[in-house]
Amino acid sequence: MKEIDLHGLGHNEVKNLLGNWLILECNKGNLPLKLITGNSSRMKKIVHKVAKEFEFKVSQPLDSNAGVLVIRE
């Protein structure tokens, strides 16, 4: 599963870039996609909001890693 690491990116930067990244990776056939968010609840909320706007689903990985979210079609 391909990973995108959001560490080092600001919240506003993720808000502006994530939708395009998700569409691009979906078009490449790279879903499901692992997003490394770290433990920031604000970053996770941003990911959930952007994913919902673009009609993607968000879930926890099977290993229950709290710092990772999985994006699916």
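Residues numbered from 1 in each chain as written. Predicted model: local features only at pLDDT ≥ 70, side-chain atom pairs only at ≥ 80, totals over all residues. Heavy atoms only, no water.

### A short note on the nonpolar core
Ranked by internal contacts, the top residues of the largest apolar core, which has 16 residues, are Leu 18, Leu 22, Leu 33, Leu 35, Val 47 and Ile 71. Breaking this core down by element, the ones donating at least two residues are helix 1 (11–27), strand 2 (33–36), helix 2 (41–53) and strand 4 (68–72). Those residues within four positions of Leu 22 in sequence are excluded, and the remaining contacts are Leu 33, Val 50, Ala 51, Phe 56 and Ile 71. (Core = buried A, V, L, I, M, F, W, Y, C linked by side-chain atoms within 4.5 Å. Buried < 20%, exposed > 50% of the residue type's maximum accessible area, 1.4 Å probe, protein only. Helix = DSSP H or I, 4+ residues; strand = E, 2+ residues; numbered from the N terminus. Contact = heavy atoms within 4.5 Å.)

### Details of the pairing of strand 4
The element strand 4 is extensively covered by neighbouring structure, given that four of its five residues are classed as buried. In this structure, strand 2 lies alongside strand 4, joined through four bridges in antiparallel fashion. The residue bridging Leu 33 from the neighbouring strand is Ile 71, located in strand 4. The pairing of strand 3 (residues 57–59) with strand 4 spans three bridges and is antiparallel. Across the sheet, Lys 57 pairs through a bridge with Arg 72, a residue of strand 4. (Pairing = 2+ DSSP bridges.)

### Observations concerning the packing of helix 1 against helix 2
For the pair helix 1 and helix 2, interaxial distance at closest approach is 10 Å and the crossing angle is 35 degrees. For the pair helix 1 and helix 2, the crossing hand works out as right-handed. For the pair helix 1 and helix 2, contact is made by His 11, Val 14, Lys 15, Leu 18, Gly 19 and Leu 22 and by Arg 42, Met 43, Ile 46, Val 47, Val 50 and Ala 51, respectively. Of the residues in the contact of helix 1 with helix 2, the class split is eight nonpolar, two polar and two charged. (Axes fitted to C-alpha atoms, helices over the stretch in contact; angles between N-to-C directions. Left-handed = near helix turned anticlockwise from the far one by under 90°. Nonpolar A, V, L, I, M, F, W, Y, C, P; charged D, E, K, R; others polar.)

### Describing the side chain of Glu 25
By the element assignment, Glu 25 lies in helix 1. Within the local environment of Glu 25, its side chain forms a polar contact with the side chain of Lys 2, the two groups lying 3.1 Å apart. Once residues within four sequence positions are removed from consideration, Glu 25 is found in contact with Lys 2, Ile 4, Asn 30, Leu 31 and Leu 33. (Polar contact = N/O pair within 3.5 Å; in protein donor to acceptor, adjacent residues only side chain to side chain.)

### Comments concerning the environment of Asn 16
Assignment of secondary structure puts Asn 16 in helix 1. As a C-alpha pair, Asn 16 and Ala 66 span 50 residues in sequence and 23 Å in three-dimensional space.

### With respect to unusual backbone geometry
In this structure, the amide linkage connecting Leu 31 to the following residue, Pro 32, adopts the cis form with an omega of 0 degrees. For Pro 32, the position within the fold is in the loop between helix 1 and strand 2. With a phi angle near 65 degrees, Glu 55 is a residue other than glycine that sits in the positive phi range. Tracing the chain through its elements places Glu 55 in the loop between helix 2 and strand 3. Taking the relative accessible area as the measure of exposure, Glu 55 reaches 70% and is therefore exposed. Positive phi values are uncommon outside glycine, yet Ser 64 reaches one of about 60 degrees. Assignment of secondary structure puts Ser 64 in the loop between strand 3 and strand 4.

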